[in-house]
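Take a look at the letters that make up each chain.
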Amino acid sequence: MLNSVLKDAIKKRDETLSILKGPKFEQIVKEAKSNWIDFSPTKQDVVAAGIDSSFNSTKFQGAELWAVTAVSVKSNGEILVDLHEHGLDSSTEIASLASKMEVDACIESVDQADLVLMDGSLYSEFFTRQKSLINPLVDAIKKNNNVIFISKTSNTRKQFEHLGAIAGDIFYYNHATKTPGFSKIHEDTRFKTRGEVDDSISSVFARLAESLPLIKIELFGSGHTNNDFKLILNKILKNSVGGYPYTLKLAHNNCKISGKDLEKLAGIHGL
């Protein structure tokens, strides 16, 4: 069956790609180019902390062995916050627990670093996380205004939907430019975090150096300027590898729970 699918895919490759790009592809790419602001960041010394979480589980005859971790780590490898829990039951919502740990790590880190980098998107905090976590997170963000959300991938399709875009915004920016810089600031005002105040997410797609992969940078609130994002790029440039902040790579590596880790945990419990 797979061989048949592959043979058919080869025959229909151009047809499939033409669907992805859509009839207005060139028009969208042209607009993406016009939205792009060329900027070559300069290295700035700051203390940055990266935050990430991980969870994993395995089942044993109806029971579920699980583990959840979250860390905040500086670019020199110093661990600022190390949170972890494990258990043997099937009732714990481990994804929700991981979200709570991330927020707790953020709260503990905002006074210990000049820049707090959260792995992922602020959109997920508003759309998929528990509502009880939003207010504490917003308070942490506003305390020193040093919390930034950074992701390597993005599925948002807001900037070019008026042109009938089929792919995500990042797809068109990748085709539009290879130079360092960032896209025009996009403000999304659809969120009501406290039931009475409308808050915004301000975001850009950015590239730290020529031909490096794009990253998406999101800030809470509105009114952010191009200079705000230029300062952020300056601050994350020094400790970035391949266009991505090294602190976030460290955070991922320090908190990741692999299948082998679960096997060790199962062995400790004689499972």
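Please read all numbers here as calculations on a predicted model, not as lab measurements.

About the thresholds
- Along each chain, numbering runs from 1 in the same order as the chain's sequence is written.
- In keeping with the model being predicted, local features are shown solely for residues with a pLDDT of at least 70 and side-chain atom pairs are shown and tallied solely at 80 or more, while totals for entire chains, interfaces and linings include all residues.
- Side-chain measures here rest on the full set of heavy atoms in the structure, leaving out hydrogens and waters.
- Numbering goes from the N terminus for both helices and strands, where a helix is a DSSP run of H or I of at least four residues and a strand is a run of E of at least two.
- Think of it in three bands: with a 1.4 Å probe and only protein chains considered, a residue is buried below 20% of the maximum accessible area for its type, exposed above 50%, and partly exposed in between.
- Identification of polar contacts relies on pairs of N or O atoms within 3.5 Å, with a donor-acceptor requirement for protein atoms, meaning one able to donate a hydrogen and the other able to accept it, and with residues adjacent in sequence counted only if both atoms are side-chain atoms.
- Only heavy atoms matter for contacts: two residues are in contact if any of them lie within 4.5 Å across the pair.
- When DSSP locates at least two bridges between a pair of strands, those strands are taken to pair.
- A pair of sulfur atoms, both from cysteines and within 2.5 Å, is called a disulfide here.
- Residues are called lining when one of their atoms sits within 4 Å of a cavity or pocket point, these points coming from a 1 Å grid over the protein atoms alone, where a cavity is a set in which a 1.4 Å probe fits but cannot get out and a pocket is an open set with protein on both sides within 12 Å along at least five of seven lines.
- Grid points are joined across faces, edges and corners, and a volume is the space filled by probe spheres set on the points.
- The residue classification treats Ala, Val, Leu, Ile, Met, Phe, Trp, Tyr, Cys and Pro as nonpolar and Asp, Glu, Lys and Arg as charged. All others, Gly included, are polar.
- Ring pairs are drawn from Phe, Tyr and Trp, using the six-membered ring of Trp, whenever the two centres fall within 6.5 Å, and their geometry is named by plane angle: stacked under 30 degrees, edge-to-face over 60, tilted for the rest.
- In this text, buried Ala, Val, Leu, Ile, Met, Phe, Trp, Tyr and Cys residues form a nonpolar core when linked through side-chain atoms within 4.5 Å.

Undergrad: Residues and numbers for the side chain of Ser154, please.
TA: Structurally, the position occupied by Ser154 is in the loop between strand E6 (147-151) and helix H7 (169-176). Assessed through its relative accessible area of 13%, Ser154 is described here as buried. A polar side-chain atom of Ser154 sits 3.0 Å from a polar atom in the side chain of Thr156. Setting aside chain neighbours within four positions, we find Ser154 in contact with Ile170, Phe205 and Lys216.

Undergrad: How would you summarise the pairing of strand E5 (residues 115-119) if you had to cite specific residues and measurements?
TA: Buried residues dominate E5, accounting for four of its five residues. As judged from the four bridges shared by strand E2 (residues 48-60) and E5, these two strands associate in the parallel manner. Residue pairing in the sheet places Ile51 in a bridge with Met118 of E5. Direction of pairing for E5 relative to E6: parallel, over a ladder of four bridges. Across the sheet, Asp119 pairs through a bridge with Ile150, a residue of E6.

Undergrad: How would you summarise the state of the cysteines if you had to cite specific residues and measurements?
TA: Counted by the stated rule, this structure contains zero disulfides. With no disulfide of its own, Cys106 has Cys255 as its nearest cysteine by sulfur position, at a separation of 15 Å. Classification of Cys106 by relative accessible area gives buried; the value is 0%. A relative accessible area of 2% places Cys255 in the buried class.

Undergrad: Hey, could you go over empty space enclosed by the protein for me, with residue numbers and the actual values?
TA: Empty space left among the atoms is revealed by rolling a probe the size of a water molecule over them. Evaluation of the coordinates by the stated rule reveals two cavities of 30 Å³ or more. Roughly 40 Å³ of volume is contained in the largest cavity. Listing elements by their share of the lining of the largest cavity, those giving two or more residues are helix H8 (226-237) and helix H9 (246-255). Considered class by class, the residues forming the lining of the largest cavity number five nonpolar, two polar and one charged. Counted as a void, the second largest cavity has a volume near 30 Å³. Lining the second largest cavity, in full, are Tyr123, Thr156, Lys158, Gln159, Asp169, His186, Ser203, Phe205 and Lys216. Taken together, the residues of the lining of the second largest cavity sort by class into two nonpolar, four polar and three charged.

Undergrad: Explain the layout of surface pockets to me, using residue names and the numbers behind them.
TA: A volume near 330 Å³ is recorded for the largest pocket. Around the largest pocket sit 16 residues that line it, and Asn145, Asn146, Val147, Leu219 and His224 are the ones nearest its centre. Every element with two or more residues in the lining of the largest pocket is listed here: helix H6 (131-144), E6, strand E10 (215-220) and H8. Class assignment for the residues of the lining of the largest pocket results in eight nonpolar, four polar and four charged.

Undergrad: Kindly report on the packing of aromatic side chains, identifying the contributing residues and their values.
TA: In total, this model carries eight aromatic pairs according to the counting rule given. Here the aromatic rings of Tyr173 and Phe205 are separated by 5.4 Å at their centres, their planes lie at 35°, and the arrangement is tilted. Of this pair, Tyr173 sits in helix H7 while Phe205 sits in strand E9 (residues 198-207), and the two are 32 residues apart along the sequence. Residue Tyr173 is classed as buried on the basis of its relative accessible area, which comes to 0%.

Undergrad: Report on the nonpolar core, specifying residues and quantitative values.
TA: Among the nonpolar cores identified, the biggest contains 24 residues, and Cys106, Val116, Leu122, Leu137, Ile141, Val147 and Phe149 are the most heavily contacted of them. Listing elements by their share of this core, those giving two or more residues are E2, strand E4 (79-88), helix H4 (94-109), E5, helix H5 (122-127), H6 and E6. The biggest single contributor to this core is H6, with six residues. When near neighbours in sequence (up to four residues on either side) are disregarded, Val116 contacts Ala49, Ile51, Cys106, Ser109, Val110, Asn146, Val147 and Ile148.

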